[in-house]
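Residue-level listing of the chains:
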Amino acid sequence: YQQSEMAFPVGLLETLRGARHVAVLTGAGISAESGVPTFRDVMTGLWAQYDPQELATPQAFMKNPKLVWEWYDWRRKLVSQVAPNAGHYALAEMERHVPLLTLITQNVDSLHQQAGSTRVLELHGNIHRVKCFKEDTVIEQWEKNGEVPPRCPNCGGMLRPDVVWFGESLPEQPFNEAALAALHCDVFLSIGTSGLVEPAASLPLVALRRNARVVLVNPEETPLLREDVDFLRGPAGAVLPALVH
Ligand code: BJW
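Residues numbered from 1 in each chain as written. Predicted model: local features only at pLDDT ≥ 70, side-chain atom pairs only at ≥ 80, totals over all residues.

J.: Would you mind showing me how to read the sheet that holds strand S2 (residues 100–105) here?
T.: Hydrogen bonding along the main chain pairs the strands of a sheet, whether they run parallel or antiparallel. Read from one edge of the open sheet, 6 strands run S3-S2-S1-S7-S8-S9, paired in parallel fashion. Only two strands of the sheet have a single partner each, and these edge strands are strand S3 (120–122) and strand S9 (229–233). Neighbour-to-neighbour, the strand axes of this sheet turn through a mean angle of 20 degrees, independent of strand direction. Two elements, S2 and S3, share 3 bridges in a ladder whose sense is parallel. Bridge pairing links isoleucine 104 to leucine 121 in S3. (Pairing = 2+ DSSP bridges. Helix = DSSP H or I, 4+ residues; strand = E, 2+ residues; numbered from the N terminus. Axes fitted to C-alpha atoms, helices over the stretch in contact; angles between N-to-C directions.)

J.: Even after reading the chapter, I still don't get the sheet that holds strand S5 (residues 138–139), so can you show me in this structure?
T.: Spatially, the 3 strands line up as an open sheet ordered S5-S4-S6, and their pairing is antiparallel. A single partner strand is all that each edge strand has here, and the edge strands are S5 and strand S6 (159–163). Bridge count for strand S4 (residues 125–132) against S6 is 5 bridges, and the pairing is antiparallel. By the bridge assignment for S6, valine 130 is matched with proline 161.

J.: Can you help me understand helix H6 (residues 65–80) in this one?
T.: Structural remark: α-helix, 3.6 residues per turn; residues separated by three or four positions point the same way. End to end, H6 covers 22 Å across 16 residues, agreeing with the expected 22 Å (1.5 Å per residue, within 8%). All of the buried residues along H6 are Val68, Trp69 and Tyr72. The arc enclosing the buried residues of H6, seen along the axis, measures out at 95 degrees, which places them on a common side. Turned more than 90 degrees off the buried face of H6, the exposed positions are Lys66, Trp74 and Lys77. (Expected span 1.5 Å × (residues − 1). Buried ≥ 20, exposed ≤ 12 C-beta atoms within 10 Å, placed from the backbone. Arc of directions from axis to C-beta.)

J.: When you look at the domain arrangement of the chain in this model, what are you seeing that I'm missing?
T.: Often, the extent of an interface is quoted as the loss of accessible area on bringing the components together. Per the domain assignment, the segments of the chain are domain 1 (1–36 + 84–124 + 169–245) and domain 2 (41–81 + 128–163). One C-alpha centre belongs to domain 1, the other to domain 2; they are set 28 Å apart. Tallying the contact residues gives 5 residues for domain 1 and 4 residues for domain 2. When grouped by side-chain class, the residues that make up the side of domain 1 that touches domain 2 number 2 nonpolar, 2 polar and 1 charged. (Domains from an automatic or database assignment. Contact = placed C-beta atoms within 7 Å. Nonpolar A, V, L, I, M, F, W, Y, C, P; charged D, E, K, R; others polar.)

J.: So what exactly am I meant to see when it comes to the UniProt feature "binding site: NAD(+)" (unreviewed entry) in the chain here?
T.: Here the UniProt feature "binding site: NAD(+)" (unreviewed entry) sits at Gln106, Asn107, Val108, Asp109, Gly192, Thr193, Ser194, Asn218, Pro219, Glu220 and Ala236. Within the element layout of this structure, glutamine 106 appears in the loop between S2 and helix H8 (111–115). Each residue touching glutamine 106, except ones within four places of it in the same chain, is listed here: Thr26, Gly27, Leu123, His124, Thr193 and Ala200. By the element assignment, glutamate 220 lies in the loop between strand S8 (213–218) and S9. For glutamate 220, a count of 11 C-beta atoms within 10 Å puts it in the exposed group. (UniProt positions renumbered as here; feature names shortened; annotations may be inferred.)

J.: Which parts of the structure should I look at to understand the site of the ligand?
T.: Close contacts around the ligand come from 35 residues, with Gly27, Gly29, Gln106, Gly192 and Ser194 the closest. Among the elements that take part in the shell around the ligand, helix H2 (residues 29–32) stands out by supplying 3 residues, more than any other. In terms of residue class, the shell around the ligand is made up of 16 nonpolar, 13 polar and 6 charged. Here the shell around the ligand spans two domains, since at least three of its residues come from each of domain 1 (1–36 + 84–124 + 169–245) and domain 2 (41–81 + 128–163). (Near = placed C-beta within 6 Å.)

J.: I tried to follow the confidence of the model for the chain on my own but got confused; where do I start?
T.: If pLDDT is low for a region, its predicted coordinates should not be looked at in detail. With 98% of its residues at a pLDDT of at least 70, the chain reaches an overall mean of 95. Model confidence for the complex: the whole-complex pTM is 0.96, and ipTM, which rates the interface, is 0.96. (pLDDT = per-residue confidence, 0-100.)

J.: Quick question: what am I supposed to make of unusual backbone geometry here?
T.: Of all residues except glycine, most have a negative phi; of all peptide bonds, most are trans. Omega for the peptide link from valine 148 to proline 149 comes to -10 degrees, which places this bond in the cis form. Mapped onto the elements of the fold, proline 149 is located in the loop between S5 and S6. Of the consecutive residues glutamate 198 and proline 199, the connecting peptide bond is found in the cis state with omega at 0 degrees. A positive phi is found at asparagine 211, a non-glycine position, where the angle reads about 65 degrees. Relative to the helices and strands, asparagine 211 is located in the loop between helix H10 (203–209) and S8.

J.: What's the story with helix H11 (residues 236–244) in this structure? I'm lost.
T.: Residues of H11 that are buried: Ala236, Gly237, Val239, Leu240 and Leu243. The buried residues of H11 occupy an angular sector of 165 degrees when projected down its axis, which confines them to one face.

J.: How should I be thinking about the packing of helix H7 (residues 86–97) against H11 in this particular structure?
T.: Helix packing for two helices is described by the angle between their axes and how far apart those axes are. Contact geometry for H7 and H11: axes closest at 7 Å, N-to-C directions at 25 degrees. The orientation of H7 relative to H11 falls into the category roughly parallel. Crossing of H7 against H11: the hand is left-handed. Mapping the contact onto sequence places Ala86, Gly87, Ala90, Leu91, Glu93 and Met94 in H7 and Ala236, Gly237, Leu240, Pro241, Leu243 and Val244 in H11. Of the residues in the contact of H7 with H11, the class split is 9 nonpolar, 2 polar and 1 charged. (Parallel < 35°, antiparallel > 145°, perpendicular 65-115°, else oblique. Left-handed = near helix turned anticlockwise from the far one by under 90°.)

As structure tokens, this is what we get:
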């Protein structure tokens, strides 16, 4: 991807330039080059080291709230110390060139917003926010008195990160908007996601059924890869700038 049009599948750049509505779905892979670990990469992914059932379910939080809170605290600090990479910036720039761009992310790290994307549909929440485990309300301010996990100032219930754990529903409004974008886009880019977690994994399939051009950006093959999907093999930080410039 040496900024040369030759590297792309026939007609892809023309289709992108002529598109009225581009939908983009991102996953942990787009933040990998910023230094955020993915979940399922064999050596470096979080799930290679940690058990999702013990950390990313409501049952895990009920069983061991301190462990879960501290794990998220570690990850929150980690993402606070990193910066967006060329892939995030390329998508922010794409928003300025396409009449309508719907950016859908499974990431909780805010790096798209930091790169300048103005409208981001967060399907799995945001690690920087907390909510009450009992009442499900987002809490802006709470007392940091050393209690782990901290307590809800309204009801005294435990606070938890405002992310979507396994078995929980996705936030309705961003998910509905994402599903509409999949139905109506001309081009759908799936970037840096293994495509294993539902319902996000089904979004590009919806776009395919509606005859959108679907493009996979990933250094590895994923289950989404099939004959009618364009595969741009490589790291997002290299592929996306070449696609946008
Ligand atoms: C690069 C790169 C580079 C590397 N450049 N790329 C239907 C069938 C089967 C199961 C289910 C189903 N419907 C629902 C389920 C259950 C479950 C599910 O999908 N399970 C499957 C795993 C089997 N889904 C749910 O529970 C969801 N809720 C739901 O469906 O509610 C309705 C319902 C309720 C009750 C019962 C039934 C239905 C919720 C899912 C929540 C997922 N939560 C997590 C944690 C979020 C908080 C946190 O951050 O801790 O979300 S899990 C984790 O996976 C995280 C991610 O957002 C998500 C997706 O991962 P992602 O982003 O794809 O990362 P990886 O690591 O998997 O892949 C990285 C990719 O990047 C790889 O391909 C690399 O090659 C690539 N890469 N470097 C580009 N430089």
